[in-house]
Amino acid sequence: MTGDPDTSQDNLQDIRLGHADRGFVGKIIRLDALVTGSSLSPQELEQRLVEMGFVEGARVEILHEGTIRRDPIAVRVDNITIALRRSEAMAVIVE
Amino acid sequence: MTTASLRLALVGAPNTGKTSLFNSLTGSRQKVANYPGVTVERKSGGFVTPEGRSVTVLDLPGTYSLRGRSPDEEITRDIVLGRFDGEAVPDLMLCVADATNLRLTLRLVLELKRVGRPMMLVLNMIDIAKRRGVTINLDRMSQELGLPIVTSVAVRKGGVDELLKRTDEFLAKSHEAAASEWTTPTIADLKAAQREADRIIAAVVTLPTKPDTLTNRIDSVVLHPVWGLVILAVILFVMFQAVFTWAQPAMELLSDGFAALGQLIHDVMPASWGLLQSFLQNGLISGVGSVIVFLPQIIIIFLFILLLEDFGYMARAAFLMDRIMGGAGLHGRAFIPLLSSFACAIPGIMATRVIDNRRDRLTTILIAPLMTCSARIPVYTLIISAFVPATTVWGVVNLQGLVMFGLYAAGITSALTVSAIAKFFLWRDHAPAPFMLELPDYKMPRLRSIAIGVFTRAKMFLYRAGTTILSMMVLIWFLASFPTAPAGAEGPAINYSFAAMIGHALEPLLRPIGFNWQIAVALIPGMAAREVAVAALGTVYSIEGGKEAADAIGQVLAQKWTLATALSLLVWYIFAPQCASTLAVIRRETGGAKWMVVTFLYMLALAYVASFLTFNLAQALGLH
């Protein structure tokens with residue numbers, strides 16, 4: 001993939017959900033699927049994330065982490081829980 | 001109104017209780033088949049409304065949108081849009097939503113509305129929502145959405161009465177379908193629809209002040225990086241115990257029953273009907289019997305799978321295993337199909353339908369037959385008890401048990417290796433498919449729904465035993481019985497058959513791996529089902545007898561084979577594609593012969609090489 005995901009951050013307070021630790025609570029600012037480690041095309045990844053409820057303004061909380069390299073993660077998105085890999089969670093910009 | 005059945009279709013996101021609703025509407029009057037040309041399960045059923053309307057229901061594959069990103073979702077889209085050849089457009093769509101979790105479904109509802117067909121929204125699991133203190137203003141919601149809304153508790157008796165009544169009311173009037181305005185939604189469309197859904201939810205749903213934390217509390221243990229894996233291991237252990245010990249009495253009953261029935265036919269028929277007698281006893285009854293004997297195991301394994309699925313645990317198991325299986329190039333969702341394959345590769349391969357990525361699914365199908373299925377157990381047991389002494393090693397471990405464990409471990413290791421190799425060579429250019437899965441709230445499983453699910457699976461298995469597998473058995477009986485032995489011939493009749501000819505022809509090929517022609521002959525009926533090889537070995541070594549036969553075969557084999565041959569045959573059975581039904585299922589599930597041939601060839605090559613190495617190594621070590 002192209003470059004480090006962090007380089008595209010335009011606001012220091014914004015972080016990518018894929019980098020956040022367990023217990024993180026925040027709000028989704030936007031989706032940016034251009035530079036993730038995902039195998040999906042940016043458009044497809046963004047579409048799937050939206051379909052799973054990852055939309056601007058939604059409250060997110062990382063509830064659980066997997067055993068190996070703390071991956072995948074279980075994320076509470078408003079009132080549903082979604083399991084996904086950190087590489088895909090990189091597309092979710094939170095604060 | 002016509003007298004023809006009205007067509008209802010259930011549409012909804014995964015985990016909304018759609019299948020429970022389908023079960024409670026149709027009971028056991030269900031038909032499971034495949035949509036033509038694809039390997040997507042088509043579940044249909046029927047019921048009669050209180051006013052006597054006959055209705056057929058189609059349970060469409062669950063989907064979050066009509067975008068159709070997997071074959072299952074394409075089916076849902078095409079049927080809803082009336083584009084699917086050979087499938088009439090439904091008269092009424094029932095969009096099923098989980099009342100406790102409306103966000104994703106409401107967006108789907110808004111999308112479905114654009115299709116313009118008559119539709120009703122079913123708020124399922126309304127009891128759980130009420131118990132949690134969620135209140136929904138149904139009138140306002142109905143107004144906002146412009147749709148009739150009905151609540152239901154699919155899992156409770158009487159829980160769908162209102163739905164039936166409202167269906168009658170709905171069908172009593174005539175409904176015009178509007179022209180479809182549906183177009184494939186863009187990201188902007190999806191976001192706009194989600195915003196609209198969230199607006200409606202904010203307007204009509206009041207959430208309790210104290211949110212439900214039970215699921216979260218259970219998950220903090222069940223998804224714990226360490227305890228989660230321990231719990232998973234314990235669940236698997238109990239499942240295996242159940243499959244292998246609980247099923248045992250029922251399996252013995254079945255196999256004894258079929259043996260007795262065969263004997264009865266043998267005794268009742270005049271001996272002059274020799275051929276028909278042999279066909280009925282050895283071809284038909286023992287053939288069908290040897291497959292039906294697995295019914296108890298299939299029932300138990302599906303009971304566990306459906307219970308865990310209903311409880312909400314399956315998604316958690318996939319979460320826990322995703323990274324671990326990912327190391328071998330497998331998707332987290334491949335875990336359950338591979339697990340089922342320990343009972344039998346057939347339900348395992350059928351269960352790969354939950355994997356939406358085609359490459360991941362193919363890899364899983366390719367390696368599922370390497371998992372040690374229960375049909376290998378009789379063969380393993382026979383050879384181990386004949387050749388491996390029941391001594392204790394390392395103080396506590398039984399050597400026979402250790403060898404058995406080794407055979408299982410070899411199966412698993414080779415499956416993971418094959419998967420890693422397949423990933424490297426076949427789809428090196430493709431990055432792994434994403435893992436994105438909703439973890440539904442835990443729910444108490446409802447027995448009625450589970451019972452219907454198990455019953456449907458058992459019926460499918462029996463149907464297959466009665467068709468594909470039976471015809472295979474008849475063919476193999478034919479090979480083992482014709483031509484018949486000449487008058488006054490010595491030795492068992494199978495020695496004069498096509499099977500023996502094939503066995504003799506194969507012998508030069510199999511000699512390097514230590515097999516004699518008797519083994520080659522036994523391997524042919526063993527293609528019908530692995531464990532049939534045990535009985536076939538009995539036949540070629542002309543051992544008669546009922547229950548004690550297995551012991552007798554073991555004693556004869558211990559005299560006639562070297563240890564090197566026995567070990568080579570054990571290793572052969574880990575890998576060899578010795579199951580015609582599995583190959584038939586692979587062909588059906590992958591929609592063509594290609595992957596069946598690939599599976600057959602790679603397993604054959606693996607078996608041959610491994611047996612060759614084992615045999616020669618054992619000989620070099622002087623194990624005779």
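Residues numbered from 1 in each chain as written. Chains lettered and ligands numbered in written order. Predicted model: local features only at pLDDT ≥ 70, side-chain atom pairs only at ≥ 80, totals over all residues.

The next subject is the interface of chain B and chain A. When the parts of a complex come together, some accessible area is lost, and that lost area is often taken as the interface size. If you look at the interface, chain B gives 30 residues, while chain A gives 31 residues. Contributing elements (two or more residues each) for the side of chain B that touches chain A: helix H3 (103–113), helix H7 (187–204), helix H8 (214–222), helix H12 (313–326) and strand S12 (436–438) of chain B. Among the elements that line the side of chain B that touches chain A, the one with the most residues is H12(B), at six residues. In terms of residue class, the side of chain B that touches chain A is built from 19 nonpolar, five polar and six charged. Across three bridges, strand S5 (residues 80–84) of chain A lies against S12(B) in antiparallel orientation. Bridge pairing links A:Ala83 to B:Leu437 in S12(B). (Contact = placed C-beta atoms within 7 Å. Helix = DSSP H or I, 4+ residues; strand = E, 2+ residues; numbered from the N terminus. Nonpolar A, V, L, I, M, F, W, Y, C, P; charged D, E, K, R; others polar. Pairing = 2+ DSSP bridges.)

Let us look at the UniProt feature "domain: Ferrous iron transporter FeoA-like" (unreviewed entry) in chain A. When the UniProt feature table is mapped onto this chain numbering, "domain: Ferrous iron transporter FeoA-like" (unreviewed entry) sits at residues 15–95 of chain A. Within residues 15–95 of chain A, the helical portion is 17% and the strand portion 36%, while the C-alpha atoms at the span's ends are 6 Å from each other. (UniProt positions renumbered as here; feature names shortened; annotations may be inferred.)

Taken in spatial order, the seven strands line up as S1(A)-S6(A)-S2(A)-S3(A)-S4(A)-S5(A)-S12(B) in an open sheet, and their pairing is antiparallel. Pairing within the sheet leaves two strands with one partner each, and these edge strands are strand S1 (15–16) of chain A together with S12 of chain B. When strand S2 (residues 25–31) of chain A meets strand S6 (residues 92–94) of chain A, the two strands line up antiparallel, connected through three bridges. Across the sheet, A:Ile28 pairs through a bridge with A:Val94, a residue of S6(A).

The next subject is the pairing of strand S3 (residues 41–48) of chain B. Residue and element names in this part refer to chain B. Strand direction decides the pairing type here: strand S2 (residues 30–34) and S3, joined by five bridges, are antiparallel. Note on S3: the bridge partner recorded for Val 32 is Lys 43. Alignment of S3 against strand S4 (residues 54–59), held across six bridges, turns out to be antiparallel. Following the sheet pairing, Gly 46 is matched in S4 by Thr 56. Here S3 hands over to S4 after five residues, with Gly 52 in that stretch at a positive phi of 85°.

A few words on the confidence of the model for chain A. Within chain A, residue pLDDT values average 84, and 87% of them lie at 70 or more. For the stretch residues 1–9 of chain A, pLDDT sits under 50, and the model shows twelve contacts to residues farther than four places along the chain or on other chains. (pLDDT = per-residue confidence, 0-100.)

All names here are of chain B. Put simply, helix H5 (residues 138–145) and H7 touch, their axes get as near as 9 Å, and they point 155° apart. Relative to H7, the element H5 lies roughly antiparallel. Classified by chirality, the crossing of H7 by H5 is right-handed. Between H5 and H7, the residues in contact are Arg 140, Met 141, Glu 144 and Leu 145 and Ile 200, Ala 203 and Val 204, respectively. (Axes fitted to C-alpha atoms, helices over the stretch in contact; angles between N-to-C directions. Parallel < 35°, antiparallel > 145°, perpendicular 65-115°, else oblique. Left-handed = near helix turned anticlockwise from the far one by under 90°.)

Looking now at the domain arrangement of chain B. Taken domain by domain, chain B consists of domain 1 (6–212) and domain 2 (468–620). Its C-alpha centre places domain 1 of chain B at a distance of 51 Å from the equivalent point of domain 2 of chain B. (Domains from an automatic or database assignment.)

Core analysis: the biggest nonpolar cluster contains 193 residues, and A:Phe54, A:Val75, A:Val92, B:Cys95 and B:Val122 have the highest contact counts within it. Considering each element in turn, this core owes the most residues, ten residues, to helix H23 (residues 563–575) of chain B. Mapped onto the domain boundaries, this core takes at least three residues apiece from domain 1 (6–212) and domain 2 (468–620) of chain B. (Core = buried A, V, L, I, M, F, W, Y, C linked by C-beta atoms within 7 Å. Buried ≥ 20, exposed ≤ 12 C-beta atoms within 10 Å, placed from the backbone.)

Here the focus is unusual backbone geometry. Of note, the amide linkage connecting A:Asp71 to A:Pro72 takes the cis form, showing an omega dihedral of -5°. If you trace the backbone, A:Pro72 turns up in the loop between strand S3 (59–65) and strand S4 (73–77). A positive phi angle, close to 50°, is found at A:Arg69, a residue other than glycine. Along the chain, A:Arg69 falls in the loop between S3 and S4. For B:Met125, which is not glycine, the phi dihedral falls at a positive 60°.

All names here are of chain B. In terms of residue burial, strand S1 (residues 6–12) counts as a mostly covered element, since five of its seven residues are buried. When S1 meets S4, the two strands line up parallel, connected through five bridges. Looking at S4, one finds that Ala 9 is bridged to Leu 58.

All names here are of chain B. Here we have seven strands laid out as an open sheet, ordered S2-S3-S4-S1-S5-S6-S8, and mixed in their pairing. Sheet topology places S2 and strand S8 (149–151) at the edges, where each strand pairs with a single neighbour. Here the strands of the sheet are splayed against their neighbours by 25° on average, with no regard to which way each runs. On top of the sheet, helix H6 (residues 161–172) reaches S1, strand S5 (92–98), strand S6 (119–124) and S8; it is set at about 155° to S8, its chief contact.

Another point: H3(B). Along H3(B), nine of the eleven residues are buried, which leaves the element largely enclosed by surrounding structure. Within the span of H3(B), buried status applies to B:Arg103, B:Leu104, B:Thr105, B:Leu106, B:Arg107, B:Leu108, B:Val109, B:Glu111 and B:Leu112.

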